[in-house]
Amino acid sequence: MQVTLRVRRFNPETEAESRIEAYDVPAEPMDRVLDLLHWVKWNVDGSLTFRRSCAHGVCGSDAMLINGANRLACKVLVRELGDQITVEPLRGLPVNKDLVVDMEPFFASYREVLPYLVNDDPAPDTERRQSQKERARFDDTTKCILCAACTTSCPVFWADEEYFGPAAIVNAHRFIFDSRDQGAAQRLTVLNDKEGVWRCRTTFNCTDACPRGIKVTQAIQEVKRALLFRKV
Amino acid sequence: MTAQQHTFDVVIVGAGGAGLRAALEASRRARTAVITKLYPTRSHTGAAQGGMCAALANVEEDNWEWHTFDTIKGGDYLVDQDAAEIMCREAIEAVYDLEHMGMPFNRTGDGRIDQRRFGGHTHHHGAGAVRRSCFAADRTGHMILQTLFQQNVKQGTVFFDEFYVLDLLLAGDRAAGVVAYELATGELHVFRAKSVVFCTGGYGKMFKITSNAHALTGDGPGVCYRRGVPMEDMEFFQFHPTGLYRLGVLLSEAARGEGGILRNADGEAFMERYAPTIKDLAPRDMVSRAIYSEIREGRGAGPDGDYVYLDVSHLDPGVIDAKLPDITEFARTYLGVEPKKEGVPIQPTAHYAMGGIPTDVDARVVADAANTVIGGLYAAGECACVSVHGANRLGTNSLLDIVVFGKRAGINAAEHAAGVGHVELPEDPAGAVTRMLEGLAGHAEGERAAAIRGDLQVSMDEKAGVYRTETLLKEMEVELASLRERYARVWVQDTSRGYNTDLLEAVELGFLLDLAETLVVSARTRTESRGGHFREDHPARDDKNWLKHSLARRTDSGVRLDYKPVTMTRYEPMERKY
């Protein structure tokens, strides 16, 4: 089949504004959108620029706006989209070139929430014990690959880039509900900030966008509840 | 092109599991920079699935000596036995270290780290499969990568993200630093350092059907090779038995560890004929050859008869959802197959480089068969060859390798840096990189890197894959010469300064071509079959002539081979049966 692939292009070295460029791409229904982008880069225009690495949905490099929804280009197939496909950079982050956005604001928010285990007790000789139930409590949010699909689908984040955004809250959740962690109070104080969880308007865009199937909105709600009751 | 200058005690190249583990040690002891071409969490450690073996004996009797034996036997006796002992002994502490850092391992009923079976891992020296693999569902690598990255965030490690290291600076017999290309700006940076640690991963992108990420182009080994460091055991490349048909995406051995079975077109569980004792949990090289034997003998499935099935449909759906969620989703997403109901089409996929930059057990890079150390130069992980994997790596031992030897590399690099001063940089340190980039960007038309790389990959699959012969390998050598000629005229279409991935793809192809040549020449010369290297014209292992490591060195007249003995401690080579 033939796909019309429209790509929002922008090269700050030569252009003031972005533009849409269309390519006719031969494709199979089982091809990934990433395959189409590669076809263009490798056969038509080597300057088409995007990030990618693993090509099967685990490294988080190639989140993009694809037919209006945030998806990983390597995890959405032509058969799901049909023969008209439009690819644009993620919204809400500065565009560096074509589909490459500046990820630093995203990682800056992530770093704010203490995204690591806090436990100052001396470690035992073997493992810290954790029941299967305790382990299951935070399983969902350990799946995050930091692709930014959720954060850049959030209308609150588009309007206010100071907002931590869903991904940072997901990574806070991953530790707040880990029975081994002692940093919940500190993290909750950070998230109680005016740019913290209370900005969330529960639009569920983030849950729809997550390529790992994380129930992002639910995680944010759980963090809000923990703040209200100061109990995890 | 003027380059920016930086000075550190330790520079670590690469931010996968090995690089991040090294960084945790080095950055608390010395002024350390991590230079990585990907954001750290994009590294391919994150794609590892099944687990990390350590003889914790949490669920059944086990000890690290059995693990050592399995590693050596699995590696078809090309493993340096002292290194394997260190790895398997330190595995236990390495797992607990990760757990203390927050790694979310699956748990047993009494809250300890759960363990499962994995290919080639046995109790009592091969008596039966043992539950040794510590895991986090089927995303163990993802969790290790995240955990190590989190700890580096906590520690304030200095990262240079999306910087490509394109040259190693040496002063006499010591490392002096590296030269890196900044993707965002196209600028060059000279990093002066007392210790340089390469942790850049593998180079599976020289093959077409591969589980490897696009980024895995062997830049670290390539840079070292061009500066005179030999490449060890390059002929040993692992083809994982279960890659998604046509795509090569990995489906973890954990599927078979949990009870999954390989079946041919007739539905027969064929591994029973090849490895009667441990069947589907035989080491990867044996299973991959068994799959190709089935296909060649007409028992392959599909219209072209060129795949077999990985069948997990008989497993409890709850077990699949809890322990194999990602790989079953890959089958659904990319092949439209429901693993709970039907077999998943699979074929062997180029997966792991056993060979690489030669090091000793302290992760120090050695320059020759006498193991002469290059001062201040270290390597760990897949890009290195210690050698703990010998001729065939056992499943889970790669995650183990990166944390054990990554840690050793970080400590040793920092301690070395504490005891020495910086050495003088060579004159015009960025000169060689500048000339290389100008050369690559200097053609106004021609053939794209992608076309040359595509031909390389197809040919490597055909001629240097699971089955090799003298004839095929000779053909591949001739073809490499012609690919190299085409590469000399490669066309880089993008003329931008910033984010010029077109230029970088051309650079990366150069490394792949160099390393492919070392692989093919080493493979042609080794006239025996051992582990992942199978010669149809020499199907038997030949310990009398070939129980030795190869060292491939670059010369003006091509690859020159040298050999060094395998370190033996207490395990005498015996026939490898399962």
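K.L.:
Give a description of unusual backbone geometry that names residues and reports values.
P.N.:
Following V386 of chain B, the chain continues into S387 of chain B via a peptide bond in cis, with omega recorded as 15°. Tracing the backbone through its elements, the reader meets S387 of chain B in the loop between β18 (384–385) and α11 (397–419). The backbone of A55 of chain A sits at a positive phi, close to 70°, despite the residue not being glycine. Backbone geometry at A363 of chain B places phi at a positive 70°, although glycine is not the residue there. Tracing the sequence through the fold places A363 of chain B in the loop between β15 (357–358) and β16 (364–366).

K.L.:
Could you give an account of the sheet that holds strand β14 (residues 344–353) of chain B, with specific residues and numbers?
P.N.:
Residues and elements named next belong to chain B. The strand order across the open sheet built from four strands is β11-β14-β13-β12, with neighbouring strands paired in antiparallel fashion. Two strands bound the open sheet, and with one partner strand each, they are β11 (237–244) and β12 (261–263). Averaged over all pairs of adjacent strands, the angle between strand axes in this sheet comes to 45°, irrespective of strand direction. Looking at chain direction, β12 and strand β13 (residues 308–311) are connected through three bridges and run antiparallel.

K.L.:
Talk me through the interface of chain A and chain B; I want residue IDs and the actual numbers.
P.N.:
The interface is formed by 66 residues belonging to chain A together with 61 residues belonging to chain B. Here chain A and chain B share an interface that buries about 5,200 Å² over both sides, 48% of which is from carbon and sulfur atoms. The largest contributions to the chain A side of the interface with chain B come from W42, H56 and E127 of chain A, which together make up 13% of the buried area. Between R180 of chain A and E99 of chain B there is a salt bridge; the shortest N-O distance is 2.9 Å. Summed over the shared surface of chain A and chain B, the result is 44 residue pairs in polar contact (both at pLDDT 80 or more). Mapped onto the side of chain A that touches chain B, the elements with two or more residues apiece are α1 (33–43), β6 (95–97), α3 (104–112), α4 (132–137) and α6 (166–176) of chain A. Considering every element that reaches the side of chain A that touches chain B, the biggest residue donor is α1 of chain A, with five residues. Counted by class, the side of chain A that touches chain B contains 27 nonpolar, 17 polar and 22 charged residues.

K.L.:
Tell me about the pairing of strand β9 (residues 188–198) of chain B, and please be specific about residues and values.
P.N.:
Residue and element names in this part refer to chain B. Across the 11 residues that make up β9, a large majority, 10, are buried. The pairing of strand β1 (residues 3–13) with β9 spans 10 bridges and is parallel. The partner of H6 across the bridge, within β9, is F191. Pairing of strand β8 (residues 174–182) with β9, which is carried by five bridges, proceeds in the antiparallel orientation. Across the sheet, residue V179 finds its bridge partner in β9, namely V190. Hairpin connection of β8 to β9: five residues between the antiparallel strands, including G186 at a positive phi of 80°. Bridging between β9 and strand β17 (residues 373–379) involves three bridges; their strand directions are parallel. Bridging from a neighbouring strand, F198 pairs with A379 of β17.

K.L.:
Just give me the short version of the pattern of salt bridges, but keep the residues and values in it.
P.N.:
Residue and element names in this part refer to chain B. Under the definition given, this model contains 77 salt bridges over all chains. Here D543 ties to R530 by a salt bridge, and the two come within 2.8 Å at their closest N and O atoms. Of the two residues, D543 sits in helix α16 (residues 543–546) while R530 sits in the loop between α15 (501–525) and α16, which places them 13 residues apart along the sequence. When its relative accessible area of 27% is taken as the criterion, D543 is described as partly exposed.

K.L.:
Break down the packing of aromatic side chains for me, with residues and values.
P.N.:
Here the structure, examined in full by the defined rule, presents 21 aromatic pairs over all chains. Taken together, a centroid distance of 5.3 Å and an interplanar angle of 70° make the contact between F160 of chain B and F163 of chain B edge-to-face. Each of the two residues, F160 of chain B as well as F163 of chain B, counts as buried. An aromatic cluster is defined as three or more aromatic residues linked by ring pairs; in this entry it consists of F106, F107 and Y110 of chain A together with Y39, F149 and F159 of chain B. Over the ring of W64 of chain B we find R89 of chain B, and its NZ or CZ is 5.7 Å from the ring centre. Directly above the aromatic system of Y352 of chain B lies the positively charged group of R393 of chain B, at a separation of 4.1 Å from the ring centroid.

K.L.:
Would you mind going over the sheet that holds strand β4 (residues 69–72) of chain A in detail, with residue names and values included?
P.N.:
Residue and element names in this part refer to chain A. With respect to topology, five strands assemble into an open sheet ordered β2-β1-β5-β3-β4, the strand pairing being mixed. Every interior strand has two partners, whereas the edge strands, β2 (19–26) and β4, have only one. Each adjacent strand pair in this sheet contributes to an overall mean axis angle of 35°, direction not counted. Contacts between α1 and the sheet are confined to β1 (2–9), β2, β3 (63–66) and β5 (84–88), with β2 contributing the most and set at about 100° to the helix.

Scoring rules and cut-offs
- Residues numbered from 1 in each chain as written.
- Chains lettered and ligands numbered in written order.
- Predicted model: local features only at pLDDT ≥ 70, side-chain atom pairs only at ≥ 80, totals over all residues.
- Heavy atoms only, no water.
- Helix = DSSP H or I, 4+ residues; strand = E, 2+ residues; numbered from the N terminus.
- Pairing = 2+ DSSP bridges.
- Axes fitted to C-alpha atoms, helices over the stretch in contact; angles between N-to-C directions.
- Contact = heavy atoms within 4.5 Å.
- Buried area = accessible area lost by both parts, 1.4 Å probe.
- Salt bridge = Lys/Arg side-chain N within 4 Å of Asp/Glu carboxyl O.
- Polar contact = N/O pair within 3.5 Å; in protein donor to acceptor, adjacent residues only side chain to side chain.
- Nonpolar A, V, L, I, M, F, W, Y, C, P; charged D, E, K, R; others polar.
- Buried < 20%, exposed > 50% of the residue type's maximum accessible area, 1.4 Å probe, protein only.
- Phe/Tyr/Trp six-rings, centres within 6.5 Å; stacked < 30°, edge-to-face > 60°.
- Lys NZ or Arg CZ within 6 Å of the ring centre and 35° of its normal.

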